[in-house]
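Notes for the structure review
The primary structure of each chain is shown beneath.
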Amino acid sequence: MKIAIYPGSFDPVTNGHIDIIFRASEMVDHLIIGVLSNVKKQPLLTVEERIDLLKATTKYLKNVEVEAFSGLLVDFAAKKNATIIVRGLRAMSDFEYELQMAQTNRSLNKNIETIFLATNIHYSFLSSSVVKEIAMFGGDIHALVPPVVEEYLKSKFK
Ligand code: PNS
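As the structure is a prediction and not an experimental result, all values here were calculated from the model.

1. What about the overall build of the protein?
- Secondary structure summary: the protein contains 6 helices and 5 strands in total.
- The C-alpha atoms of the protein give a radius of gyration of 15 Å, which matches the 15 Å a tight globule of 158 residues would have.
- Across its three principal axes, the protein shows a C-alpha extent of roughly 45 × 30 × 30 Å.
- The proportion of buried residues among the 158 residues of the protein is 48%.
- The long-range fraction of contacts in the protein, counting pairs at least 24 apart against all pairs at least 6 apart in sequence, stands at 76%.
- Of the charged side chains in the protein, 18 are positive and 18 negative, and the gap between their average positions amounts to 3 Å.

Structural data, given as structure tokens:
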């Protein structure tokens, strides 16, 4: 049974994340979305809020679950019997950080491989930070996030 982890801050989940989640879920038997609970940067949403939004938007995917984690990603992966870490690559600017993270994780646990999925070209500019900034100033985020996230951010910044 192939188990993969898709880790991230998801503050909040965007359509770019959803695209990666859907594609990764088709490649493995079970996909665990790992939500980092001790984010260094101050998150807008609590870990519970981020998990609720992820669950609401992925509930139709039967082999996907959402869970918080803290500490090292490779330790969480090993605890869940996952052998694959999935990350999305939007642009060359992501590459250096992602390569360093993949190599660090492999040096910590050689049984866990990182695979990269190229982000859908429609979302290559998209990040949670961009979404938050647009929402904060009352801009239109309809095309950028799932409807439940749009509603949530609208009420948050009302
Ligand atoms: O969505 P993000 O913020 O780009 O996700 C980053 C994340 C959660 C994948 C990364 O910060 C992480 O894995 N943190 C856990 C701590 C860890 O394992 N560090 C060592 C690898 S660099």
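2. Some thoughts on the nonpolar core
- Counting 32 residues, the largest nonpolar core has Ile21, Leu31, Leu54 and Val86 as the members making the most contacts within it.
- Elements supplying a minimum of two residues to this core: strand S1 (3–8), helix H1 (15–27), strand S2 (30–36), helix H2 (47–58), strand S3 (64–69), strand S4 (84–89), helix H5 (128–136) and helix H6 (147–156).
- If we skip the residues at most four places from it in the chain, isoleucine 21 touches Tyr6, Leu31, Ile33, Leu54, Thr58, Leu61 and Val64.
- The next biggest cluster of nonpolar side chains, apart from the first, holds 11 residues, and it includes Ile3, Phe76, Ala77 and Ile85.

3. With respect to the sheet that holds S2
- An order of S3-S2-S1-S4-S5 is seen for the 5 strands of this open sheet, with the pairing classed as parallel. Every other strand in the sheet has two partners, leaving S3 and strand S5 (113–118) as the edge strands with one partner each. Averaged over all adjacent pairs, the angle separating strand axes in this sheet is 30 degrees, with direction ignored.
- Of the strand pairs in this sheet, S1 and S2 are connected by 6 bridges, and their pairing is parallel. Note on S2: the bridge partner recorded for alanine 4 is leucine 31.
- Contacting S1, S2, S3, S4 and S5, H1 crosses the sheet at an angle of about 125 degrees to S5.
- Strand contacts of helix H4 (residues 92–108): S4 and S5, with the helix running at about 175 degrees to S4, the strand carrying the most contacts.

4. Some points on unusual backbone geometry
- Residue aspartate 11 is joined to proline 12 through a cis peptide bond whose omega torsion reads 5 degrees.
- Relative to the helices and strands, proline 12 resides in the loop between S1 and H1.
- A positive phi angle, near 50 degrees, is found at phenylalanine 10, a position not held by glycine.
- Relative to the helices and strands, phenylalanine 10 is located in the loop between S1 and H1.

5. Let's talk about the site of the ligand
- Taken together, 13 residues lie around the ligand, and Gly8, Ser9, Leu73, Arg87 and Asn105 are the ones closest in.
- One of the backbone N or O atoms of leucine 73 is found 2.8 Å from an oxygen atom in the ligand.
- Contact distances for the ligand include 3.0 Å between an oxygen atom and a side-chain N or O atom of arginine 87.
- For the ligand, whose accessible area on its own is 550 Å², the fraction buried by protein is 76%.

6. Observations regarding a nonpolar patch on the surface
- Taken together, Met92, Phe95 and Leu99 make up a surface patch of nonpolar side chains, about 300 Å² in accessible area.
- Look at phenylalanine 95 and you get partly exposed, because its relative accessible area is 33%.

7. Details of the environment of leucine 61
- Its location among the elements puts leucine 61 in the loop between H2 and S3.
- With 40 residues separating them in the primary sequence, leucine 61 and isoleucine 21 have C-alpha atoms 9.2 Å apart.
- Residues contacting leucine 61, with those up to four places away along its chain left out, are Ile21, Phe22 and Ser25.

So, how was this worked out
Positions within a chain are numbered from 1, following the residues in the order the chain's sequence is written. Since the coordinates come from a predicted model, pLDDT governs what is reported: local features require at least 70, and pairs of side-chain atoms require 80 or more to be given and counted, while whole-chain, interface and lining totals use all residues. To obtain the side-chain values, all non-hydrogen atoms of the structure were used and water was disregarded. Helix and strand definitions here come from DSSP, where helices need a minimum of 4 consecutive H or I residues and strands a minimum of 2 consecutive E residues; each element is numbered from the N-terminal end. Only the C-alpha atoms count toward the radius of gyration. The rule for a globule is 2.2 Å times the residue count to the power 0.38. In this scheme, a residue with accessible area under 20% of its type's maximum is buried, one over 50% is exposed, and one in between is partly exposed, where area comes from a 1.4 Å probe on protein chains only. Contacts: residue pairs with any heavy atoms within 4.5 Å of one another. Here the positive residues are Lys and Arg and the negative ones are Asp and Glu; neither His nor the chain ends is included. For this purpose, a charge sits on NZ of Lys, CZ of Arg, CG of Asp or CD of Glu. By nonpolar core we mean a set of buried residues, namely Ala, Val, Leu, Ile, Met, Phe, Trp, Tyr and Cys, connected to one another through side-chain atoms within 4.5 Å. Any two strands between which DSSP finds at least two bridges are classified as paired. Inter-axis angles, ranging from 0 to 180 degrees, are taken between N-to-C directions of lines fitted to C-alpha atoms, where helices are fitted over the stretch in contact. Summary of the distance rule: residues count as near a molecule or strand when at least one heavy atom falls within 4 Å of that molecule or strand. Two N or O atoms form a polar contact when they lie within 3.5 Å of each other; inside protein one atom must be a possible hydrogen donor and the other a possible acceptor, and for residues adjacent in sequence the pair counts only when both atoms belong to side chains. Every accessible area reported is derived by Shrake-Rupley at a probe size of 1.4 Å, with residue values counting cover from the shown protein chains alone. For patch detection, residues must exceed 30% relative accessible area and be free of salt bridges, and they are connected within 9 Å for like charges or within 5 Å for nonpolar side chains (Val, Leu, Ile, Met, Phe, Trp, Tyr). Counted as salt bridges are all cases of a side-chain nitrogen of Lys or Arg within 4 Å of a carboxyl oxygen of Asp or Glu.

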